[in-house]
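Residues per chain, in single letters:
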Amino acid sequence: MTAKIKRTFKYRIYPNREQKSILETWLDICRVLYNDCLTERRDAWDISQKYISYYDQCNQLREIKTFDNEIKEVHSQVIQNVLKRIDKSFKNFFRRVKRREKAGYPRYKGKDRYDSFTYPQSGFKLEDKKLILSKIGSVNIKKHRDIPEDAKIKTCTIERELDRWYACFTVEIEIEEPNYEAITNPIGIDLGISHLITLSNGDMEDNPRYLVRSEGKLKRRQKKLSKSKKQSNNRTKRRFEVVKTHRTVRDQRTDLLHKISRSLVNTYDLIVFEDLKIRNMLKNHHLAKSISDVSWSQLTNFVSYKAEEAGKRVEFVNPRNTSLECSNCGKIVKKPLSQRTHKCPFCGLVMDRDKNAAINILNRGLRKSKGFSICQKSSIFEQLKNVGQELSEFKPEDFSKRRMIQEAPML
Ligand SMILES: [Zn+2]
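Please read these numbers as outputs of a predicted model, since none were measured by experiment.

A. Molecular detail of the coordination of the zinc ion. The protein atoms that coordinate the zinc ion are Cys326 (SG), Cys329 (SG), Cys344 (SG) and Cys347 (SG), at distances of 2.2 to 2.3 Å. Metal-centred angles of 106 to 116° between the four donor atoms at the zinc ion mark the site as tetrahedral. Ordering the donors of the zinc ion by residue number gives the pattern C-x2-C-x14-C-x2-C. Residue Cys329 is classed as partly exposed on the basis of its relative accessible area, which comes to 22%.

Shown next as structure tokens:
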């Protein structure tokens, strides 16, 4: 059985001066059209409570094209996609209203807030070192990784990022429906701040020093920006600096997370994380963490899609008490955040706090996962043995009484 999945591939492109100016012009035409469509919808509603749909606006477009030469310059599908975007932002708005969430009416886009346009089906052709864009020409492109040969390219979005340009392709890949039976090498992962991740086998990955350094730089530059005078040249310069540093931090982090996620997916066949949505609700007020937050969700995303492609499995479990529960006896051992070691007064287990949490996460994932019974005798068992060795008085036969294995038949 095969299944289709969607992926995005982002490459840097190098338009020449002439092409750059066309790209800039197109962005501007799209932006003005976007804002006009927004006005039309808003006025129709305010004045006559009339709802204007995507199709209404598409029909008008034909008429507009007869007299508006600028719009004719832009590839027709790109223009149509602008109408799709406005439709989408209204649909999202109505959905939020319906759910009684904070709604936020669709907003007008200023010059620096409209940075991309999309060829939704055709009008582009990707070659080895060139991207051929209809009405723009052949643009140099650097493909740092290849799109799989059998993948179908669906859309191409051209993005401006400050002084750089990118092309993003969404592609559809056909993968074998994975066979989840044979889990033999599972791992639990605790996400943290001092250690980016701690694995249930005790391995750790720290935030590398260069990343911490760049993050520090970013903070300092943001401070400078907020102190600079509004609407001054200096402020523009500072803003540019901040955005650039942001980009450096982001690129470094993405690189690192790609490496970590690749190695996790290559090594393990069940990877268990805490569910970040629940975790944020539980722990948010403790942690100063905007940057870690980004890393965590990015890492779980990367692992999820790489695992999907490789036919490996990812579980997300409730993070409640994962750092307090004893991974050996299951009792709750209260400890402040500053205490880095888990010492269980009930069973005597002494272990690094994060590793204890990672084992709890692994156990919860295994309980959720159907492949469990197959792997009891393999490397999970090895991992558990390692847990046992840190007990002050450890007897091998204790394994049979372990909570996790006792619970296994309930699955
Ligand atoms: Zn214990």
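After presenting the structure, the write-up continues.
B. Looking closely at the side chain of Asn360. Here Asn360 is to be found in helix 9 (residues 353-368). Every residue in contact with Asn360, bar those within four places of it in the chain, is listed here: Thr322, Glu325, Cys326 and Ser327.

C. Representation of the side chain of Asp354 within the structure. Position of Asp354 among the secondary structure elements: in helix 9. Residue Asp354 is classed as buried on the basis of its relative accessible area, which comes to 9%. Residue contacts for Asp354: discarding those within four places in its chain leaves Asp190, His195, Thr198 and Arg340.

D. Representation of the pattern of salt bridges within the structure. This model, assessed by the stated rule, comprises 21 salt bridges. Here Lys10 ties to Glu159 by a salt bridge, and the two come within 3.6 Å at their closest N and O atoms. Pair noted here: Lys10 is in strand 1 (residues 2-14) and Glu159 is in strand 6 (residues 152-161), with a separation of 149 residues, a long-range link. In this structure Lys10 comes out as partly exposed when scored by relative accessible area, which is 31%. In this structure Glu159 comes out as partly exposed when scored by relative accessible area, which is 23%. Its salt-bridge partner being Asp87, residue Lys91 comes within 2.9 Å of it at the nearest N-O pair. Note that Lys91 and Asp87 are positioned in helix 4 (residues 76-98) at a spacing of four residues, about one turn of the helix. A single salt-bridge network, built from bridges that share partners, covers Lys10, Glu159, Glu161, Arg250 and Asp251.

E. Spatial organisation of the packing of aromatic side chains. Throughout the structure, instances matching the rule amount to 15 aromatic pairs. The interplanar angle of 45° and the centroid separation of 6.3 Å between the aromatic rings of Trp26 and Tyr119 together place this pair among those described as tilted. Pair noted here: Trp26 is in helix 1 (residues 17-48) and Tyr119 is in strand 2 (residues 116-119), with a separation of 93 residues, a long-range link. With respect to burial, Trp26 and Tyr119 carry one shared label: buried. Judged by centre distance (5.0 Å) and plane angle (75°), the rings of Phe93 and Tyr105 are edge-to-face. Pair noted here: Phe93 is in helix 4 and Tyr105 is in the loop between helix 4 and strand 2, with a separation of twelve residues, a long-range link. By relative accessible area, which is 12% here, Phe93 ends up buried. Residue classification places Tyr105 among the partly exposed residues on the basis of a relative accessible area of 34%. Here a set of aromatic residues connected by ring pairs shows up, and it is made of Tyr11, Trp26, Phe117, Tyr119, Phe124 and Phe169. Taking NZ or CZ as reference, Lys10 lies 4.6 Å from the ring centre of Tyr166, over its face. The ring of Phe90 carries the charged tip of Arg41 above its face, separated from the ring centre by 4.9 Å.

F. View of the sheet that holds strand 1. Within the open sheet, the seven strands sit side by side as 2-6-7-1-5-4-3. Their pairing is antiparallel. Single-partner strands in this sheet number two, and they are strand 2 and strand 3 (124-126). Averaged over all adjacent pairs, the angle separating strand axes in this sheet is 30°, with direction ignored. Pairing geometry for strand 1 and strand 7 (residues 164-176), over twelve bridges, is antiparallel.

G. Spotlight on the environment of Ile175. Topologically, Ile175 is positioned in strand 7. Along the primary structure Ile175 and Ala3 are separated by 172 residues, whereas in three dimensions their C-alpha atoms are 5.4 Å apart. In contact with Ile175, not counting residues within four places along its chain, are Met1, Thr2, Ala3, Ile5, Glu308 and Glu309.

H. Looking closely at the packing of helix 1 against helix 4. Orientation of helix 1 relative to helix 4, taken along the N-to-C sense of each, is 45°, at an axis distance of 10 Å. Taken together, the axis directions place helix 1 and helix 4 in an arrangement best described as oblique. Considering the relative orientation of helix 1 and helix 4, their crossing is right-handed. Across the interface between the two elements, Trp26, Cys30, Leu33, Tyr34, Cys37, Leu38 and Arg41 of helix 1 pack against Val78, Ile79, Val82, Leu83, Arg85, Ile86, Asp87, Ser89 and Phe90 of helix 4.

I. Structural detail: the pairing of strand 5 (residues 137-142). Both strand 1 and strand 5 contribute to a ladder of three bridges, which runs antiparallel. Bridged to Tyr14 within strand 5 is Asn140. Pairing of strand 4 (residues 130-133) with strand 5 involves four bridges; the strand directions are antiparallel. The partner of Ile132 across the bridge, within strand 5, is Ser138. Taking the residues between adjacent antiparallel strands as the criterion, strand 4 and strand 5 are bridged by three residues, where Lys135 takes a positive phi near 70°.

Scoring rules and cut-offs
Residues numbered from 1 in each chain as written. Predicted model: local features only at pLDDT ≥ 70, side-chain atom pairs only at ≥ 80, totals over all residues. Heavy atoms only, no water. Donors = N, O, S within 2.8 Å, 3.2 Å for Na, K, Ca; no water. Tetrahedral: all angles 85-135°; square planar, octahedral: opposite > 155°, others 65-115°. Buried < 20%, exposed > 50% of the residue type's maximum accessible area, 1.4 Å probe, protein only. Helix = DSSP H or I, 4+ residues; strand = E, 2+ residues; numbered from the N terminus. Contact = heavy atoms within 4.5 Å. Salt bridge = Lys/Arg side-chain N within 4 Å of Asp/Glu carboxyl O. Phe/Tyr/Trp six-rings, centres within 6.5 Å; stacked < 30°, edge-to-face > 60°. Lys NZ or Arg CZ within 6 Å of the ring centre and 35° of its normal. Pairing = 2+ DSSP bridges. Axes fitted to C-alpha atoms, helices over the stretch in contact; angles between N-to-C directions. Parallel < 35°, antiparallel > 145°, perpendicular 65-115°, else oblique. Left-handed = near helix turned anticlockwise from the far one by under 90°.

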